[in-house]
Amino acid sequence: MSLPLYAVYGGSGCGRGIMPLAREMLRSQGVSADRLVFIDDNPAAEKVNGQLVCRYAEFLAMDASARYAVIGIANSGIRAKLADRLREDGVRAWSVQAANVVIMDDVQVGEGAALSPFVTLTSNIRIGKHFQANLYSYVEHDCVIGDFVTLAPRACINGNTVIEDHAYIGTGAILRQGSPGKPLAIGRGAVIGMGAVVTKDVPPGVTVVGNPARPLVKS
Ligand code: UDP
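**Some details on the side chain of serine 116**
Here comes step 1: Mapping serine 116 onto the fold places it in the loop between strand E10 (114-115) and strand E11 (120-121).
Here comes step 2: Ignoring sequence-local partners within four residues, the contact set of serine 116 consists of Leu21, Ala98, Val101, Ala133, Asn134 and Leu135.

Structure representation (structure tokens):
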């Protein structure tokens, strides 16, 4: 009898951070670790941290009653491309989270999320598909977050913030709290540099750095 097969897509830094969470989730459900693999289109080794690495075609060819994958790649454009590919091939988007993630009241997170250890999502929050929240990042109350958004470690998303699709919030960045009816807005594809303190809206596609955060001027 076939069994479900699970994968972390991406066998590099991001994927290696998600794999142990995936393994632990499955262990707690009584699923053997040999039903869990890495998928990588450019595999560096046959196994990474004890887990088999397959090419995508090999993953599709393995015996399985159903296939699930979480995308462990920080680049949101690649996540979007791979999400399309997986959907077309009938692979289900899988959400993975650390056992110590704190999620409070009325929080909706879309499919394919990866929530690292020590992440907190407080109350009344909406988050889209293929969200990644890295170590110690948090999202405070009444935030609305789009699809393919990435929070680097310790990103601090204070209350009443809107973050559009494909935005990237760098390590240790702090977003000032917005207010009901006037949220702080981070535009589609914006990049918040590490350690930035964001006090004003950031337009789509703009990179900001520093305290207070200002647009990055490339010299
Ligand atoms: N990768 C892949 N298919 C793609 C793009 C990337 O399998 O279409 C793999 C790539 O081979 C690498 C990993 O994803 O192993 C991305 O690693 P990288 O260090 O660039 O990013 P990170 O792990 O930090 O997100």
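**Describing a nonpolar patch on the surface**
Here comes step 1: On the surface, Phe118, Leu135 and Tyr136 cluster together into a nonpolar patch covering about 270 Å² of accessible area.
Here comes step 2: If you trace the backbone, phenylalanine 118 turns up in the loop between E10 and E11.
Here comes step 3: Of the residues examined, phenylalanine 118 reaches a relative accessible area of 42% and is grouped as partly exposed.

**Notes on the layout of surface pockets**
Empty pockets left among the atoms are what a rolling probe the size of a water molecule brings to light.
Here comes step 1: In this structure, the largest pocket occupies an estimated 160 Å³ of space.
Here comes step 2: Lining the largest pocket are Val197, Val198, Thr199, Lys200, Asp201, Val202, Pro203, Val208, Pro212, Ala213, Arg214 and Pro215.
Here comes step 3: Among the secondary structure elements, those contributing two or more residues to the lining of the largest pocket are strand E23 (197-198) and strand E25 (214-215).
Here comes step 4: Classifying every residue of the lining of the largest pocket by side-chain character gives 8 nonpolar, 1 polar and 3 charged.

Here is what the cut-offs are and how they apply
Residues numbered from 1 in each chain as written. Predicted model: local features only at pLDDT ≥ 70, side-chain atom pairs only at ≥ 80, totals over all residues. Heavy atoms only, no water. Helix = DSSP H or I, 4+ residues; strand = E, 2+ residues; numbered from the N terminus. Contact = heavy atoms within 4.5 Å. Patch = residues over 30% accessible without salt bridge, like charges linked within 9 Å, V, L, I, M, F, W, Y side chains within 5 Å. Areas by Shrake-Rupley, 256 points an atom, 1.4 Å probe, with all protein chains shown as cover. Salt bridge = Lys/Arg side-chain N within 4 Å of Asp/Glu carboxyl O. Buried < 20%, exposed > 50% of the residue type's maximum accessible area, 1.4 Å probe, protein only. 1 Å grid on protein atoms, 1.4 Å probe; cavity = no way out; pocket = protein on both sides within 12 Å on 5 of 7 lines; lining within 4 Å. Points joined across faces, edges and corners; volume = space filled by probe spheres on them. Nonpolar A, V, L, I, M, F, W, Y, C, P; charged D, E, K, R; others polar.

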